[in-house]
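Geometric and topological summary
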Amino acid sequence: MKKLATAPILLAALLGALPLAHAQQTAPAPQPQAAAPVDPAAAKQAEFERLLHAQVLLDRARFSPGEIDGAYGSNMRQALNSFQAARKLPVTGKLDEATWNALLQDGTQPLANYTLAEADVTGPFRPIPEDMMEKSKLSALGYASVLEGLGERFHASPALLQRLNPGKNFNRAGEQIVVPNVGGLAPLPRAAKVVVKDGAKVLQLYDAGGVLLAQYPASTGSSNDPLPVGTWKINGVHANPVYHYNPKLFWDADPGDKKAKVQPGPNNPVGVVWIDLSKEHYGIHGTPVPGHVGKTESHGCIRLTNWSAAEVAAAVAAGVEVVLES
């Protein structure tokens, strides 16, 4: 950021024969300029745009802020912490000048145009019941709305997409909208180790040399179902899994619940992928509620957004070490 250079103001005056001291005493003192009034709405919008830009760049740098929403929260703070550490910057968790300049080296515009395709708007879309027994009656657990599907594709909250596109018809093929520019990245290299940190609520991927490849916000257990701290292995990776619900494994299961199978789909309880761990009944998986990741508890498993889980699944394989830390 360039510093503004201020030139001295030279006050020219015809003093005649008056002594300089007398002129200094009688010259009128300069009056302070009134500060320009701050428009609170404009300032709030500018901060939203700045945070949105930073979230997109963090996502592109593989330090995911989770669901992109243009707001500063715990997931963005953890993304900034690790981005700063990786770039050897002071770790503040804040979008300071040095961090902003490092992010801007990407050079990518934060928003892109996207034209809604027929496949985006045809569905089928249907409400998803909360009750597990009702879920098990559905033949598939697809998206509940066009906005939900678009949100997952562009790593964004549906509310953000609506804010960026006032007056747009999300149900009409051919409609052009504005979306976070998170596409076009090369696939991640193969990961040699997965580390999950319960305190920070993050999952990290490392290569064989110990270099951090990517970080994602994660929900990592609860007081009733704590994260099973220790070193485990990946048994296998399963895309679009059928969820086998067993109420005996859940302390908060509804009375009367029975074992059931819940069909695949992004609104399946474990989302679009299940990464099975050598710890029985535990895995890394997606979720139908991306806005809750890193902010709410889980039943002991490691829960990611669907897009993060898919990216992790593509970078790991059976036998990869998984370290679960407190």
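None of these values were measured; they are calculated from a predicted model.

This part covers unusual backbone geometry. With the exception of glycine, the majority of residues adopt a negative phi angle, and the majority of peptide bonds are in the trans configuration. A cis amide bond, omega 15°, links G123 with the succeeding residue P124. Considering the arrangement of structural elements, one finds P124 in the loop between α5 (118-122) and α6 (132-135). We note that K88 has phi near 60°; this positive angle belongs to a residue other than glycine. With respect to the element layout, K88 can be found in the loop between α3 (74-86) and α4 (97-103). Of the residues examined, K88 reaches a relative accessible area of 76% and is grouped as exposed. Of note in this structure, K201 is not a glycine but carries a positive phi near 60°. Tracing the backbone through its elements, the reader meets K201 in the loop between β3 (193-197) and β4 (202-206).

If you look at the biggest cluster of nonpolar residues, it comprises 26 residues, and the most contacted ones within it are V194, L203, L205, I302, L304 and V316. Looking at this core, the elements with two or more residues in it are β3, β4, β5 (212-217), β9 (273-277), α9 (306-315) and β12 (321-325). Not counting the four nearest positions on each side in its chain, L203 is found in contact with V194, V195, V196, A214, Q215, Y216, A218, I284, I302, L304 and V312. A156, L160, L164 and F170 belong to the second largest nonpolar core, which has 19 residues in total.

The next point concerns the pattern of salt bridges. Enumeration over the complete set of coordinates arrives at eight salt bridges. Across the pair R153 and D120 runs a salt bridge whose closest N-O atoms are separated by 3.4 Å. Of this pair, R153 sits in helix α7 (residues 146-153) while D120 sits in helix α5; the two residues are 33 residues apart in sequence, bridging distant segments of the chain. A salt bridge links R172 to E175; its shortest N-O distance comes to 3.4 Å. Residue E175 is classed as buried on the basis of its relative accessible area, which comes to 11%.

Thresholds applied
- Residues numbered from 1 in each chain as written.
- Predicted model: local features only at pLDDT ≥ 70, side-chain atom pairs only at ≥ 80, totals over all residues.
- Heavy atoms only, no water.
- Helix = DSSP H or I, 4+ residues; strand = E, 2+ residues; numbered from the N terminus.
- Buried < 20%, exposed > 50% of the residue type's maximum accessible area, 1.4 Å probe, protein only.
- Core = buried A, V, L, I, M, F, W, Y, C linked by side-chain atoms within 4.5 Å.
- Contact = heavy atoms within 4.5 Å.
- Salt bridge = Lys/Arg side-chain N within 4 Å of Asp/Glu carboxyl O.

The values are spatial; any link to function lies outside them.
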